[in-house]
Amino acid sequence: MEIALDLLSWALLLVGGFFAIAGGIGVVRLPDFYTRLHASGVTDTGAAYFILAGLMIQGGLSIITVKLVLIGFFMFFSNPTSTYSLAAAAHRSGMAPLDGAGGPNKPEPVEKSLAEPIEPIEPTPTKPGGAPPSQP
Amino acid sequence: MALGGTEMFAAAALAILATMALALVRAISGPTVYDRVLAVNMMTTKTTLLIALLGFLAGRPEFLDIALVYALINFVSVIAVLRLFGRRV
């Protein structure tokens, strides 16, 4: 039983370390701030909770596990909130996410689209490999 | 701890340290301030895990109190930095 718990804890710690390194590589290599948010979220969820679970198994039923549960509880609420406020602040400051072609995906201003008359929807032909809209 | 004692904690701590180095690369070379805040947020989360792992590695689980406080400071610092830059920009 002791061996099985140790093996489970070992596996959880290894999986957590794998998620940490994968998220770190993603934060360095991904092309855009919003995609880097995703990589950071991988380390905030996968790495953190797997490693905390591995440590909980090592801690057993004691005050150690209670503290680890509290750390996980705070992370569960604070990490999504900080990620959301980061993304909202970046979006409010005018940072455009990338579209499928790798160019900036500027949203249309709301006032302009509301001022224009509503046109009937036409099927637009898809242009393969079209140039991304140019950044002013 | 029949399975080699503390090597499992050391392996996980090394993975966390590698991730912190990668986050530091992004924090130094980030093109915008939001990339830097993201990298610093990631580093503080990893610091929390690293402190917890070091407590187990050193056989002193009292380090978990420090990790708990660090997990709380992390959130406050990110919100404070975002408020500062939101007012300036």
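Per chain, residues are indexed from 1 in the order of the written sequence. Whichever chain is written first becomes A and whichever ligand is written first becomes 1, with later ones labelled in order. Owing to the predicted nature of the model, reporting of local features is limited to residues with pLDDT of at least 70; listing and counting of side-chain atom pairs is limited to 80 or more, with chain, interface and lining totals taken over all residues.

Chemist: Help me understand the overall build of chain A in this model?
Modeler: Numbering goes from the N terminus for both helices and strands, where a helix is a DSSP run of H or I of at least four residues and a strand is a run of E of at least two. For chain A, the helix and strand inventory stands at 4 helices and 0 strands. Listed by position from the N terminus, the elements making up chain A come as α-α-α-α. Three exposure classes are used, based on other C-beta atoms lying within 10 Å of a residue's own C-beta, which is placed from the backbone: buried for 20 or more, exposed for 12 or fewer, and partly exposed in between. Here chain A holds 136 residues, and 27% of them are scored as buried.

Chemist: Is there a simple way to explain the interface of chain A and chain B in this structure?
Modeler: In many analyses, interface size is given as the accessible surface area lost on bringing the parts together. C-beta atoms are first placed from the backbone for all residues, and any pair lying within 7 Å is then listed as a contact. Opposite the 44 residues of chain A that make contact, chain B presents 42 residues. Contributing elements (two or more residues each) for the side of chain A that touches chain B: helix 1 (2-29), helix 2 (33-59) and helix 3 (63-92) of chain A. Looking at the side of chain A that touches chain B, the element that brings in the most residues is helix 1 of chain A, giving 17 residues. Across the side of chain A that touches chain B, the residue classes break down as 25 nonpolar, 14 polar and 5 charged. Throughout this entry, Asp, Glu, Lys and Arg are counted as charged residues, while Ala, Val, Leu, Ile, Met, Phe, Trp, Tyr, Cys and Pro are counted as nonpolar. The remaining residues, Gly among them, count as polar.

Chemist: Would you explain the environment of B:Ile28 in this entry?
Modeler: Turning to its location among the elements, B:Ile28 is positioned in helix 1 (residues 7-29). Here the alpha-carbon distance between B:Ile28 and B:Val40, two residues 12 residues apart in the chain, equals 10.0 Å.

Chemist: What's the story with the confidence of the model for chain A in this structure? I'm lost.
Modeler: Caution applies to low-pLDDT parts of the model: their predicted coordinates are not meant to be read in detail. Looking at chain A, pLDDT values average 80 and 73% of them are 70 or higher. Looking at any residue, its pLDDT shows the predictor's confidence there, from 0 to 100. Averaged over each element, pLDDT in chain A is lowest for helix 4 (residues 110-115) of chain A (50) and highest for helix 1 of chain A (90).

Chemist: Whenever I open this one, the nonpolar core confuses me. Can you help?
Modeler: Soluble globular proteins tend to bury their nonpolar side chains together. Within the largest apolar cluster, 48 residues are counted, with the highest numbers of intra-cluster contacts made by A:Ile51, B:Ala12, B:Ile16, B:Ala52 and B:Leu53. Put simply, the parts of the chain that give this core at least two residues each are helix 1, helix 2 and helix 3 of chain A together with helix 1, helix 2 (33-57) and helix 3 (63-88) of chain B. The leading source of residues in this core is helix 2 of chain B, at 12 residues. Residues within four places of B:Ile16 in sequence aside, it is in contact with A:Ala20, B:Lys46, B:Leu49, B:Leu50 and B:Leu53. Here, a nonpolar core denotes buried Ala, Val, Leu, Ile, Met, Phe, Trp, Tyr and Cys residues that are linked to one another through C-beta atoms within 7 Å.

Chemist: Where do I start with the confidence of the model for chain B in this structure?
Modeler: Residues and elements named next belong to chain B. Summarising the model, chain B shows a mean pLDDT of 84, and 90% of its residues fall at 70 or more. When mean pLDDT is compared element by element in chain B, helix 1 scores highest at 90, while helix 3 scores lowest at 81. This prediction of the complex comes with two scores: 0.77 for pTM and 0.84 for ipTM.

Chemist: Please explain helix 1 of chain A as it appears in this structure.
Modeler: Residues lying three or four places apart along an α-helix face the same way, a consequence of the helix completing one turn every 3.6 residues. Expected helix span is computed as 1.5 Å times (number of residues minus one). Taking 1.5 Å per residue as the helical rise, helix 1 of chain A with its 28 residues ought to reach 40 Å, and the 41 Å between its terminal C-alpha atoms agrees with that figure. Taken together, the buried positions of helix 1 of chain A are occupied by A:Ser9, A:Trp10, A:Leu12, A:Leu13, A:Gly16, A:Gly17, A:Phe19, A:Ala20, A:Gly23, A:Gly24 and A:Val27. Looking at the packing, one finds that the buried side of helix 1 of chain A touches helix 2 of chain A together with helix 1 and helix 2 of chain B.

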